[in-house]
Number of protein chains: 2
Amino acid sequence: MNFTRRRAIGLLAGGLLAARALPVRAQPDPLPSWNDGAPKKAILDFVARTTVEGAPDFVPPPERIAVFDNDGTLWTEQPIYFQFAFAIDRVKALAGQHPDWKEKEPFRSILAGDMAGFLATGEKGVVEVLAATHAGMTTDEFRKTVEEWIATARHPRFDRLYVDLVYQPMLELMAFLRANRFKTFIVSGGGIDFMRPWTGKVYGIPPEQVVGSAGVVKFELRDGKPVLIKEGKVEFIDDGPGKPVGIDRFIGRRPVFAFGNSDGDQQMLEYTAGGDRLRFMGLVHHTDAEREYAYDRQSPVGRLDKALDEARQRKWTVVDMKADWNTIYPFQRK
Amino acid sequence: MNFTRRRAIGLLAGGLLAARALPVRAQPDPLPSWNDGAPKKAILDFVARTTVEGAPDFVPPPERIAVFDNDGTLWTEQPIYFQFAFAIDRVKALAGQHPDWKEKEPFRSILAGDMAGFLATGEKGVVEVLAATHAGMTTDEFRKTVEEWIATARHPRFDRLYVDLVYQPMLELMAFLRANRFKTFIVSGGGIDFMRPWTGKVYGIPPEQVVGSAGVVKFELRDGKPVLIKEGKVEFIDDGPGKPVGIDRFIGRRPVFAFGNSDGDQQMLEYTAGGDRLRFMGLVHHTDAEREYAYDRQSPVGRLDKALDEARQRKWTVVDMKADWNTIYPFQRK
């Protein structure tokens, strides 16, 4: 190699090294929508301590399992769970094929726009609506109705697509974890088939990393074509004590990182807390009536009561949405 | 940029291109344990056609879902499913705590080494043995018994650890698929909790990519410690028409690549065949009594009858183990 060529390579190599060094020196904040405070510090500390090889709290990448509740943790859940809004819209869309619904509860109330009347039908009413709107079709057909709804339906208060109402700080958190070789999962009481069509695009979480409540599905050959039929029977409720069960069934490892926002997440956080390694348990506390909603112990949607007491007692991280997040939704970013 | 430097960069770039081209020219065979023949050609063609961006059959990486049956497809399943051998060993290990088993079927036959007597107790006997050996403990405790057994128990014919009896050609196939950005899953009639402790090390498939049959699991706080208890009730049988259901439930996408070896895999292959994209369906046909076992339509273990007919009729790939594999087990590699 002659001098000139060696020198050229040296210049090139130097340039490459400088280019690589630059982002380290001027590393941007991975969580810009989080204000400085205890939750942000706890997250950064946890990731720093678990990802340095040889450090006492190092967690090998395959064990870096992070689980997130969906409703109220990754996106808004007020004034009603978005999946309920979907079911109500489906009842309206299907009413033409069911003339009897005009006289039959809970459909009568829904079609009359009488939410109080619908809610008065209780759990039985909810189950009937879910069976009428989430079953009796193939999984492919159901996915299409979800895709259409999610691309068009708008939230009554914000007049935005529902998928616009995801929390920017949580998007940053999940991207930060993935950049540090954590595998992110959704573990939600919501329907698994309702979430999977859009979690990849919206959260970067593929269908196979979504755990949720499920109805019975049956394999059939229809005109020689293999299809899966959604039946009207509940198979699994991924809520409360069902969440650790769902984690065990679908993931098969105990998470080291878990985030929720309601009493339905308490056992998931307890199960995560029961592991041997350093671990992180977090709750989103909805304290911002102005930018989002403020609710906890008395709310019928996303009630946070016992889990809040346990979090404070055990020093889990509690996010005060109003104080800790400078941005709520992606469309508000400056 | 002066001429000398530009020339140096040109030389460097040329070198880099040559270096990149080299492995293409002298690329080692990714499937050395497969003899040249129709199955090997079909696999190589499928991967070539689905992974070139812009090609008509290109499959985007997230959709590259490959599913494999386990027993008889990835490891041997004769003379009895290895999980049965585990259950029998557990009965023997636990017999001291159950003095009544000496007089009580199916345990009496197992303890007396009378396999015909055990098999005569039928499905009821099998369910009782599974309940006695796979339930009534935490998931962590069960995992430890599997880990101990898999590290010590030996196959009666080969006098090898059971995990030594995995198929070298299938290890190569899975590695080849993963190198081409396919995500590999196990979809097995075997117990999910029996497989997960060792599939990572043996197959490179992590617990969260293992789908299998499962018993009911319950969340409990034991002395304040959160645990999951394995109960004696069957929750899900991941076999036959249960396989597409398990794929939908756990993975949430239709595979483009599926490999099985028995009638229990027929619906999984049909479901895969029903997709829109180019897809691959394969069966391992056990034809090698000398190096492994030869069995199909008459075998009580791993019966291959209807699926073999369908495979031939629909031109799915059928591997003739004797003719198509030059090596069966990793320890036989030259």
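This text follows the structure it describes.
Residues numbered from 1 in each chain as written. Chains lettered and ligands numbered in written order. Predicted model: local features only at pLDDT ≥ 70, side-chain atom pairs only at ≥ 80, totals over all residues. Heavy atoms only, no water.

1. Looking at the overall build of chain A
1) Next: Helix and strand counts for chain A come out as 13 helices and eight strands.
2) Next: The dimensions of chain A, computed from C-alpha atoms along their principal axes, are 90 × 55 × 40 Å.
3) Next: Within chain A, the fraction of its 334 residues that count as buried is 52%.
4) Next: In chain A, the share of contacts with a sequence separation of at least 24, taken over all contacts with a separation of at least 6, comes to 65%. (Helix = DSSP H or I, 4+ residues; strand = E, 2+ residues; numbered from the N terminus. Buried < 20%, exposed > 50% of the residue type's maximum accessible area, 1.4 Å probe, protein only. Contact = heavy atoms within 4.5 Å.)

2. Observations concerning unusual backbone geometry
1) Next: A cis amide bond links E105(A) to the next residue, P106(A), at an omega of 0°.
2) Next: The linkage connecting Q78(B) with the following residue, P79(B), adopts the cis geometry, with an omega of 0°.
3) Next: Relative to the helices and strands, P79(B) resides in the loop between strand 1 (65-68) and helix 3 (82-94).
4) Next: Positive phi, normally seen in glycine, also occurs at D159(A), with a value near 50°.
5) Next: By the secondary structure assignment, D159(A) is in the loop between helix 7 (139-152) and helix 8 (168-179).
6) Next: The exposure class of D159(A) is partly exposed, given its relative accessible area of 47%.

3. Focus on the interface of chain A and chain B
1) Next: In this assembly, 42 residues from chain A lie in contact with 42 residues from chain B.
2) Next: For the pairing of chain A and chain B, the buried interface totals around 3,600 Å² over both sides, and the portion due to carbon and sulfur atoms is 56%.
3) Next: Of all residues in chain A, E208(A), F219(A) and R249(A) give up the largest surface area on contact with chain B, accounting jointly for 21% of the area buried on that side.
4) Next: Inspection of the region where chain A meets chain B yields eight salt bridges.
5) Next: The salt bridge partner of E235(B) is R249(A), with a shortest N-O separation of 3.3 Å.
6) Next: Looking at the side of chain A that touches chain B residue by residue, the classes come out as 21 nonpolar, seven polar and 14 charged. (Buried area = accessible area lost by both parts, 1.4 Å probe. Salt bridge = Lys/Arg side-chain N within 4 Å of Asp/Glu carboxyl O. Nonpolar A, V, L, I, M, F, W, Y, C, P; charged D, E, K, R; others polar.)

4. Structural notes on the pairing of strand 6 (residues 257-260) of chain B
All names here are of chain B.
1) Next: Here strand 6 shows a buried face lined by F257 and F259 and a second buried face lined by A258 and G260.
2) Next: Where strand 1 and strand 6 come together, three bridges link them in parallel fashion. Bridging from a neighbouring strand, A66 pairs with F257 of strand 6.
3) Next: Where strand 6 meets strand 7 (residues 280-285), four bridges bridge the pair, whose relative direction is parallel. Across the sheet, F259 pairs through a bridge with G282, a residue of strand 7. (Pairing = 2+ DSSP bridges.)

5. Quick look at the sheet that holds strand 6 of chain B
Residue and element names in this part refer to chain B.
1) Next: Spatial ordering of the open sheet is given by 2-5-4-3-1-6-7-8, a layout of eight strands whose pairing is mixed. With partners counted over all chains shown, the strands left at the sheet margins are strand 2 (137-138) and strand 8 (317-320), one partner each.
2) Next: Pairing of strand 1 with strand 3 (residues 183-191) involves four bridges; the strand directions are parallel. Among the inter-strand pairings, A66 is bridged to a residue of strand 3, identified as T184.

6. Re the relation of the copies chain A and chain B
1) Next: The two copies are related by a screw motion: chain A maps onto chain B through a turn of 180° and a shift of 0.0 Å along the axis, at an RMSD of 0.0 Å. Classification of the inter-copy transformation places it as that of a two-fold axis.
2) Next: Taken together, the interface assignments show that 100% of the residues at the interface of chain A recur at the interface of chain B, consistent with an identical surface on both copies. (Least-squares fit on C-alpha atoms with pLDDT ≥ 70 in both.)

7. Focus on the sheet that holds strand 1 (residues 65-68) of chain A
Residues and elements named next belong to chain A.
1) Next: Taken in spatial order, the eight strands make up an open sheet running 2-5-4-3-1-6-7-8, and their pairing is mixed. Both outer strands of the open sheet, strand 2 (137-138) and strand 8 (317-320), are each paired with one neighbouring strand and no more.
2) Next: On the sheet, helix 8 packs against strand 1, strand 3 (183-191), strand 6 (257-260) and strand 7 (280-285) and is oriented at approximately 165° with respect to strand 1. (Axes fitted to C-alpha atoms, helices over the stretch in contact; angles between N-to-C directions.)

8. Topic: the packing of aromatic side chains
All names here are of chain A.
1) Next: For the structure on display, the rule yields 53 aromatic pairs over all chains.
2) Next: With a centroid separation of 4.8 Å and an interplanar angle of 15°, the aromatic rings of W149 and Y162 are classed as stacked. Taken together, the positions of W149 in helix 7 and Y162 in the loop between helix 7 and helix 8 put the pair 13 residues apart, joining distant regions of the chain. For the pair formed by W149 and Y162, the shared burial category is buried.
3) Next: When the ring centre of F182 is taken as reference, the NZ or CZ atom of R64 above it lies at 5.9 Å. (Phe/Tyr/Trp six-rings, centres within 6.5 Å; stacked < 30°, edge-to-face > 60°. Lys NZ or Arg CZ within 6 Å of the ring centre and 35° of its normal.)

9. What about the environment of D140(B)?
All names here are of chain B.
1) Next: Position of D140 relative to the elements: it lies in helix 7 (residues 139-152).
2) Next: The exposure class of D140 is partly exposed, given its relative accessible area of 28%.
3) Next: When the C-alpha positions of D140 and K230 are compared, they lie 9.8 Å apart, and in sequence the two are 90 residues distant.

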